[in-house]
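Overview (structure and organization)
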Amino acid sequence: ETGVTQTPRHLVMGMTNKKSLKCEQHLGHNAMYWYKQSAKKPLELMFVYSLEERVENNSVPSRFSPECPNSSHLFLHLHTLQPEDSALYLCASSQDRRLAGSKYFGAGTRLSVL
Amino acid sequence: QKEVEQNSGPLSVPEGAIASLNCTYSDRGSQSFFWYRQYSGKSPELIMFIYSNGDKEDGRFTAQLNKASQYVSLLIRDSQPSDSATYLCAAIGGGADGLTFGKGTHLIIQP
């Protein structure tokens, strides 16, 4: 148990559905991240939040919408996804952005888009 | 574009031997380097980091950094079957997050 909890663990959705992924960290960290992990590809950073403010969006399509209501919770809202969005979505946290290399990852949500 | 390159493997090593995992990076501005281990179906877990040239040892693990050659390696001594996993190399430099991951090397320790 890393102290970063993600729900759901598995999600199957159609291209017209709207769903949300949830992440919660109990480590007192100030920075939280969303990553996408696809087969045969490096981990891709999607979003960075520091003290609840978004600091980076690596050109992620607008069908992915993050929300960080407080420093312990992070959401990823999904709508009108494409089959190529099927992947493992990982949430991570670090003490702060300066320690971004030392991340704690959640177990991930395995997303399948039909 | 910043890149971190790793041989995807699989790298097969007999139990008890030394496993050597290698990584190169393209950005000379990279300052710190991290090794994450990811078991199949699990999330990445940080096992080592290094930011100075030379070797850094932690138990059975040794990280090596050569900034002139832009080369990072991870040595695992006395390899155990439980070390079988994918090892991700990551480098950090400038930028808001700045952490660039390689694709990972799949390591298999054969009993």
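Here the structure is a predicted model, which is why all the values come from computation and not from measurement.

This part takes up the side chain of S32(B). Tracing the backbone through its elements, the reader meets S32(B) in strand β4 (residues 32-38). With a relative accessible area of 18%, S32(B) lands in the buried category.

For P81(B), the location among the structural elements is in the loop between β8 (71-76) and β9 (85-92). The spatial distance from the C-alpha of P81(B) to the C-alpha of G54(B) is 28 Å, given a sequence separation of 27 residues.

A separate point is the state of the cysteines. Using the criterion set out here, one finds two disulfides over all chains in the structure. Here C23(A) connects covalently by a disulfide to C91(A), the sulfurs 1.9 Å from one another. Residues C23(A) and C91(A) share a disulfide whose torsion about the S-S bond is about -75 degrees; that sign makes it left-handed. Taken together, the residues span a long stretch of sequence, with C23(A) in strand β3 (residues 18-25) and C91(A) in strand β9 (residues 87-94) at a distance of 68 residues. Under the relative-accessibility criterion, C91(A) is labelled buried at 0%. Each sulfur of the disulfide joining C23(B) and C89(B) lies 2.1 Å from the other. Between C23(B) and C89(B) the disulfide shows an S-S torsion of about -75 degrees. By sign, it is left-handed. Here C23(B) is found in strand β3 (residues 19-25), whereas its partner C89(B) is found in strand β9, with 66 residues between them in sequence. Each member of the pair, C23(B) together with C89(B), is buried. Looking at C68(A), it has no disulfide partner, and the nearest cysteine sulfur is the one in C91(A), 9.0 Å off. Residue classification places C68(A) among the buried positions, given a relative accessible area of 12%.

Now for the packing of aromatic side chains. Scanning the model with the defined rule gives 10 aromatic pairs over all chains in all. Centre to centre, the rings of F105(A) and F101(B) are 6.4 Å apart; their planes meet at 70 degrees, and the pair counts as edge-to-face. Of this pair, F105(A) sits in strand β10 (residues 104-105) while F101(B) sits in strand β10 (residues 99-101), which puts the two residues in different chains. Accessibility assignment for this pair places F105(A) and F101(B) in one class, buried. With a centroid separation of 6.4 Å and 15 degrees between ring planes, the pair formed by F49(B) and Y51(B) is classed as stacked. Each member of the aromatic cluster is reached from another via a ring pair, and the members are Y33(A), Y35(A), F105(A), Y36(B) and F101(B). A cation sits over an aromatic face here: K103(A) above Y33(A), 4.1 Å from the ring centre.

What counts as what
Residues numbered from 1 in each chain as written. Chains lettered and ligands numbered in written order. Predicted model: local features only at pLDDT ≥ 70, side-chain atom pairs only at ≥ 80, totals over all residues. Heavy atoms only, no water. Helix = DSSP H or I, 4+ residues; strand = E, 2+ residues; numbered from the N terminus. Buried < 20%, exposed > 50% of the residue type's maximum accessible area, 1.4 Å probe, protein only. Disulfide = S-S within 2.5 Å. Phe/Tyr/Trp six-rings, centres within 6.5 Å; stacked < 30°, edge-to-face > 60°. Lys NZ or Arg CZ within 6 Å of the ring centre and 35° of its normal.

So, to be careful, I would describe these as geometric facts and stop short of saying anything about function.
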